[in-house]
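Structural characterization, general
Residues per chain, in single letters:
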Amino acid sequence: MTTDKKVAHFPMLDTNHLNLHPLKALTRRITEAYGPSGYESAVRELIRDEIKDYADEIRVDALGNLIARKKGSGAAPRKKVMLAAHMDEIGVIVTHIDEKGFARFAPIGGVFPLTLFGQRCRFANGVIGVFGRETKNSTTSEITLNKLFIDVGATSKDDAPIQVGDPAGFWRDFADLGNRLVSKAMDDRIGCVVLIQVLRELKQSPHDVYFVFTVQEEVGLRGATTSAYGVQPDLAIAVDVTGTGDTPESNPMAVQLGKGPAIKVKDSGMLAHPAVKNLLADTARAEKIPYQFEVLTGGTTDAMAMQTTREGVPTGCISIPTRYIHTPSEMIDFDDLQNAIKLLVAVLSKPVKLD
Amino acid sequence: MLLEKLSNARGVSGNEAEVREILIQAIQDHVTEYRVDTLGNLIAYKKASGTRARKTIRVMLAAHMDEVGLMIVHHESNGHLRFRKVGGIDDRVLLSKTVLIGKDKIPGVIGAKPIHLLKPSERQQVVESDSMTIDIGAKSKEEAQELVKLGDYATFATTFSPIGNDCVKGKAFDDRAGCAALVEILKRDYPFDVYGVFTAQEEVGARGARVAAYAIEPTYAFALEGTVCDDLPKEKDESPVTRVGGGPAITFADNSLISDRRLVNLLVETARENKIPYQFKQAVAGGTDAGRIALIKEGVPSVAVSVPTRYIHSPVSLLNKHDLEYLIALMIKALPRVARI
């Protein structure tokens, strides 16, 4: 009885694992993995497993970036195209455990205090923590990080299953809402999903394509900085998420869920190379793939780091429109995901001429 | 004591020569070779030794020579000097402090209005450094110009001395403590190439470390620091960032770096096995040379480990000598194990 009731109330949650579209199942696997910035190894192994049969060469660099190369079919010298999506997610790191076993923490990346209270986090060892808040001398309208703590169910410092220095990611499971998907860490595991699927679907490319799953984007594009130096690409495209302006009373932004992948024009850290932007838009039009242009006023992506590596690289970015970014429930549109994959496969299948 | 010499030496970011000379004297008999690069970094190279040397590993150890200080930017008509801060200094620690200006060590006082003349509202406010002046006893602009040139650096006029049984006080322990440790560490031999780099301009953005690491291309990097310490009594049950006397502080993350976990674990395991006290830096704050080195070229696994130092970035800081000794001991024991990562 109880089970039936539960199914009636939460049909999506309980049927999630059954008959899930393969791309949705992949999204679930990748988004639910644990991987705050600097601690991406679980995500990396998962992705390595998904792509190992499709890449010609896979390596991990000094900072932990996973770099998969698919050799081009054209005559040498071939152009090197670098695609980047970051494996890391925002999270928290324990800075203190008090006598009663409550943990204080510092943020990893851009964590909004408002999104934490009552939410859960998960540590590398699987321990789940709940974010609680000090209630004395504080109100709900002014939640700050130093008035929040993590409760892992411990009764004292000694029986706490975590230590100072342990990082945690948000914990929320994946939900299939039909054409909309919700999960933690869509930023930027959905970009990882795009890269994985493009690598699988790309029959051949005239270029050497480097699929780079980067580390530490959320704390300052650090993985892209070193991997772009290593790859030394002739053309670079980041795949990341972007905000939308399509929710009630939202800040104006001409990006909506379901209107296609967003081709970045600019954000606060990068101006996309006009030729790369045009290459993406022209290809989308030619292939009848819906797309929208994106101007993001706050935030940036790995594209910024790739653009300024060495002597500079023509760089663009494809964004998956995402609602509620940097919360435990980030929402994307399934068509946008599929169209982003289609667009990248089309771009990479043909010789690129930038002008 | 080397730390005493280093602490008393004057070397605000961009002007590290005096500190560098002391360090060259201290290391020259212990390293294979050394050089000073374009930005003023002192790069000491120590060739791998032993029959089981690992030629593929290059370890960079960084400690910065520069300290925070002031730079003279204007002569007032009454002979006072206007200045700008070099590096991060809290305006509240400046008033009424004595300083030494330029290579001739012209003494000066950062003047403050006496309490008798302060309006009630002024007592509630922090005077901004832009409106402070340094008084060098000059009667006129011309006299001041004779003594001090625009662009001259000023340092706090603090002299090193013991305090209590185990502690010492002095200026610029951030990061002369790291420099003193690095000198001792370079006296040992290691089974791989070691680059001991005394860096320039850390306090203004880890500029020296960036170019030194670019040249060296290390396999692993350690920054040795004097780090923040706030172990004064607290009302609530919350940890200090570090504790004086608690042993070297290992950074798991700060604003510039998420430390490589293998290196963090290496330090922790070495400390445990050798019964060397250690602690974590329990805050994600500040940044070090390690953050810059980590992002050089194709990336460098890096970590920072520090002597807990109270009152850094002020005219006087305080540290425990044993913390410094333990930092040296920890690094000497931990370094050979890097070859096994």
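Source: prediction; values computed, not measured. (Residues numbered from 1 in each chain as written. Chains lettered and ligands numbered in written order. Predicted model: local features only at pLDDT ≥ 70, side-chain atom pairs only at ≥ 80, totals over all residues.)

Details of the overall build of chain B
Per the secondary structure count, chain B includes nine helices and 17 strands. Over its C-alpha trace chain B gives a radius of gyration of 21 Å, about what one expects of a compact globule, namely 20 Å for 341 residues. For chain B, the spread of C-alpha atoms along the three principal axes comes to 70 × 50 × 40 Å. Burial statistics for chain B: of 341 residues in total, 51% are counted as buried. Considering only intrachain contacts with a sequence separation of at least 6, the fraction spanning at least 24 residues in chain B is 76%. (Helix = DSSP H or I, 4+ residues; strand = E, 2+ residues; numbered from the N terminus. Rg over C-alpha atoms; globule rule 2.2 N^0.38 Å. Buried ≥ 20, exposed ≤ 12 C-beta atoms within 10 Å, placed from the backbone. Contact = placed C-beta atoms within 7 Å.)

Brief notes about the domain arrangement of chain A
As a measure of interface size, the accessible area lost when the parts come together is often cited. Residues and elements named next belong to chain A. Under the domain assignment, chain A is made up of domain 1 (2–89 + 173–349) and domain 2 (91–171). Averaged C-alpha coordinates put domain 1 and domain 2 at centres separated by 29 Å. Taken together, the contact between domain 1 and domain 2 spans 14 residues of the former and 15 residues of the latter. For the side of domain 1 that touches domain 2, a count of residues per class yields six nonpolar, five polar and three charged. (Domains from an automatic or database assignment. Nonpolar A, V, L, I, M, F, W, Y, C, P; charged D, E, K, R; others polar.)

Side note on the interface of chain A and chain B
On the side of chain B, 16 residues touch chain A, which itself brings 21 residues to the contact. For the side of chain A that touches chain B, the secondary structure elements donating two or more residues are strand 4 (91–97), strand 5 (103–108) and helix 6 (222–231) of chain A. Among the elements that line the side of chain A that touches chain B, the one with the most residues is helix 6 of chain A, at five residues.

Things to note about the sheet that holds strand 1 (residues 57–60) of chain A
Residues and elements named next belong to chain A. Taken together, eight strands build an open sheet; the order of strands is 1-2-12-3-13-16-14-15 and the sheet is mixed. Among the strands making up the open sheet, the edge pair consists of strand 1 and strand 15 (292–295). For this sheet, the mean inter-axis angle between neighbouring strands, taken without regard to orientation, is 25°. Relative to strand 2 (residues 66–70), strand 1 runs antiparallel, the two sharing four bridges. By the bridge assignment, Arg59 is partnered in strand 2 with Ile67. Sitting on the sheet, helix 5 (residues 186–201) touches strand 2, strand 3 (80–86), strand 12 (208–214), strand 13 (235–242) and strand 16 (315–321), and the angle it makes with strand 13 is about 135°. Its contacts with the sheet place helix 7 (residues 274–286) against strand 13, strand 14 (262–266) and strand 16, and it is angled at close to 50° to strand 16. (Pairing = 2+ DSSP bridges. Axes fitted to C-alpha atoms, helices over the stretch in contact; angles between N-to-C directions.)

Structural notes on the packing of helix 5 (residues 173–185) of chain B against helix 9 (residues 321–334) of chain B
Residues and elements named next belong to chain B. Between helix 5 and helix 9, whose axes approach to 9 Å, the crossing angle comes to 40°. Relative to helix 9, the element helix 5 lies oblique. Crossing geometry of helix 5 relative to helix 9 is assigned as right-handed. Contact with helix 5, carried on its side by Ala177, Ala180, Ala181, Glu184 and Ile185, involves Leu324, Leu327, Ile328, Met331 and Ile332 of helix 9 and no other residues of that element. Grouping the constituent residues of the contact of helix 5 with helix 9 by class yields nine nonpolar, no polar and one charged. (Parallel < 35°, antiparallel > 145°, perpendicular 65-115°, else oblique. Left-handed = near helix turned anticlockwise from the far one by under 90°.)

Let's talk about the nonpolar core
By size, the foremost hydrophobic cluster in this structure holds 183 residues, and its most contacted members are A:Leu83, A:Val194, A:Leu195, B:Ala181 and B:Ala221. When residues in this core are grouped by element, the largest group, nine residues, is from helix 5 of chain A. Apart from the residues lying within four places of it in its own chain, the contact partners of B:Ala221 are B:Met60, B:Ala62, B:Ala213, B:Ala290, B:Ile293, B:Ala294, B:Val300 and B:Ser302. If you look at the next biggest cluster of nonpolar residues, it comprises 21 residues, including B:Phe83, B:Val86, B:Ile136 and B:Ala138. (Core = buried A, V, L, I, M, F, W, Y, C linked by C-beta atoms within 7 Å.)

Here we look at helix 6 of chain A
Residues and elements named next belong to chain A. In terms of residue burial, helix 6 counts as a mostly covered element, since nine of its 10 residues are buried. For helix 6, the full list of buried residues reads Arg222, Gly223, Ala224, Thr225, Thr226, Ser227, Ala228, Gly230 and Val231. Looking at the buried positions of helix 6, the neighbouring elements they touch are strand 2, strand 3, strand 12, strand 13 and helix 8 (302–307).

Remarks on the confidence of the model for chain A
Looking at chain A, the pLDDT average stands at 93 and 95% of residues meet or exceed 70. Taken as a whole, residues 1–15 of chain A scores under 50 in pLDDT and shows six contacts with residues more than four places along the chain or in a different chain. (pLDDT = per-residue confidence, 0-100.)

Quick notes on helix 3 (residues 22–32) of chain A
When helix 3 of chain A is considered as a whole, its buried residues turn out to be A:Thr27, A:Arg28, A:Ile30 and A:Thr31. For helix 3 of chain A, the secondary structure elements touched by its buried residues are helix 4 (41–51), strand 11 (180–183) and helix 5 of chain A.

So, the domain arrangement of chain B
All names here are of chain B. Assigned domains within chain B: domain 1 (2–67 + 171–340) and domain 2 (70–156). Computed over C-alpha atoms only, the centres of domain 1 and domain 2 are separated by 32 Å. Contact with domain 1, which involves 11 residues of that partner, is made by 11 residues of domain 2. Taken together, the residues of the side of domain 1 that touches domain 2 break down into three nonpolar, four polar and four charged.

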